[in-house]
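Letter by letter, the chains look like this.
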Amino acid sequence: MSAIPPGAGPRSPSGSRRTGRSALVAALCAALAAALTGCGGEDPDAGTNGVGKLPAAKIESKARAAARQAGTVHLSGNVVSQGRTYKLDMSLAKDGAKGELTTKAAAFQLLRVGDALYLKADAAFWAGEKRGASGAPGGAATKLDGKYVKVPAADPVYKRFSGFTDKDALLTGLLALHGGLTAGDRSDIDGVRTVRLTAGAGAGGTLDVSLEGTPYPLRLQRAGGAGVLRLDDWGKRVDLRAPAKGQVVDYGSKL
């Protein structure tokens, strides 16, 4: 009877179990490694406009260019300017704007069609404007209540509020970020994926730029707690037309 070569005989039950466990562990490790590799290799910008892959300065440049080229935008939120807090709800176009501006003391509507600026407010607002100018209540305040007042271009009221109706000038000032830019954080604005620009380690403001379609700026947090603004409805039509004559008070060259 010939000798059985070492290892050629039947394996013991314990050896089979060890082999089975080793194979199972190897399979699990391979599956886990594959899963981790798949997660780690997933492109966060898959299906986007690709701006998330760009340097922060380039993203800012593209967002500003998109804002300039758009014909219209809806701007809403709060702005702190010269110690005053304004709540804005404005639809801006290249040739005018319309919407509402609210301060601590008053709320009023602004409408600009071309160079013609109209302001609609209650009597209390106009009385306050008159007191500020001459130290006495304005006798015409009640006549202006609820009317569109055509504001003369030379009047301080025009200079004070027309900037809120100038799309390009307003966005140029508001979208300014201060300090070194970084990018990378992803966010979501009403279901639209964004990449966030952070200036001055956050102290210089943040700007969320759309990763879908045109890289429009969608949300701005201004530096120094100077307000938070939403920008939407890019390119949507804004219906601008002068008020009916019966609703307009025109004081000529001076209010």
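Calculation notes
Residues numbered from 1 in each chain as written. Predicted model: local features only at pLDDT ≥ 70, side-chain atom pairs only at ≥ 80, totals over all residues. Heavy atoms only, no water. Phe/Tyr/Trp six-rings, centres within 6.5 Å; stacked < 30°, edge-to-face > 60°. Helix = DSSP H or I, 4+ residues; strand = E, 2+ residues; numbered from the N terminus. Buried < 20%, exposed > 50% of the residue type's maximum accessible area, 1.4 Å probe, protein only. Axes fitted to C-alpha atoms, helices over the stretch in contact; angles between N-to-C directions. Parallel < 35°, antiparallel > 145°, perpendicular 65-115°, else oblique. Left-handed = near helix turned anticlockwise from the far one by under 90°. Contact = heavy atoms within 4.5 Å.

Asker: Requested: an account of the packing of aromatic side chains, with residues and values cited.
Answerer: Evaluated as defined, the whole model comprises 3 aromatic pairs. Their ring planes at 50° and their centres at 5.0 Å tell us that Tyr86 and Phe164 sit as a pair that is tilted. Taken as a pair, Tyr86 in strand β2 (residues 84-93) and Phe164 in the loop between α5 (156-161) and α6 (167-174) lie far apart in primary sequence, 78 residues in all. The class of Phe164 is buried, set by a relative accessible area of 10%. With centroids separated by 4.7 Å and ring planes inclined at 5°, the aromatic side chains of Tyr216 and Trp234 adopt a geometry described as stacked. On the criterion of sequence distance, the pair formed by Tyr216 in the loop between β9 (206-210) and β10 (217-221) and Trp234 in the loop between β11 (228-232) and β12 (248-250) is long-range, its members being 18 residues apart. Looking at Trp234, the relative accessible area reads 11%, which means it is buried.

Asker: Describe unusual backbone geometry, listing the residues and the values that go with them.
Answerer: In this structure, Gln82 is a non-glycine residue whose phi angle is positive, near 50°. Tracing the backbone through its elements, the reader meets Gln82 in the loop between β1 (72-81) and β2. For Gln82, a relative accessible area of 83% puts it in the exposed group.

Asker: Describe the packing of helix α2 (residues 56-69) against α6, naming the residues involved and giving the relevant values.
Answerer: Interhelical geometry of α2 versus α6 gives an angle of 165° and a closest axis separation of 10 Å. As summarised for this structure, α2 and α6 are arranged roughly antiparallel, according to the angle between their axes. Between α2 and α6 lies a crossing of right-handed hand. Contacts from Arg64, Ala67 and Arg68 of α2 reach α6 at Lys167, Asp168, Leu171 and Thr172.

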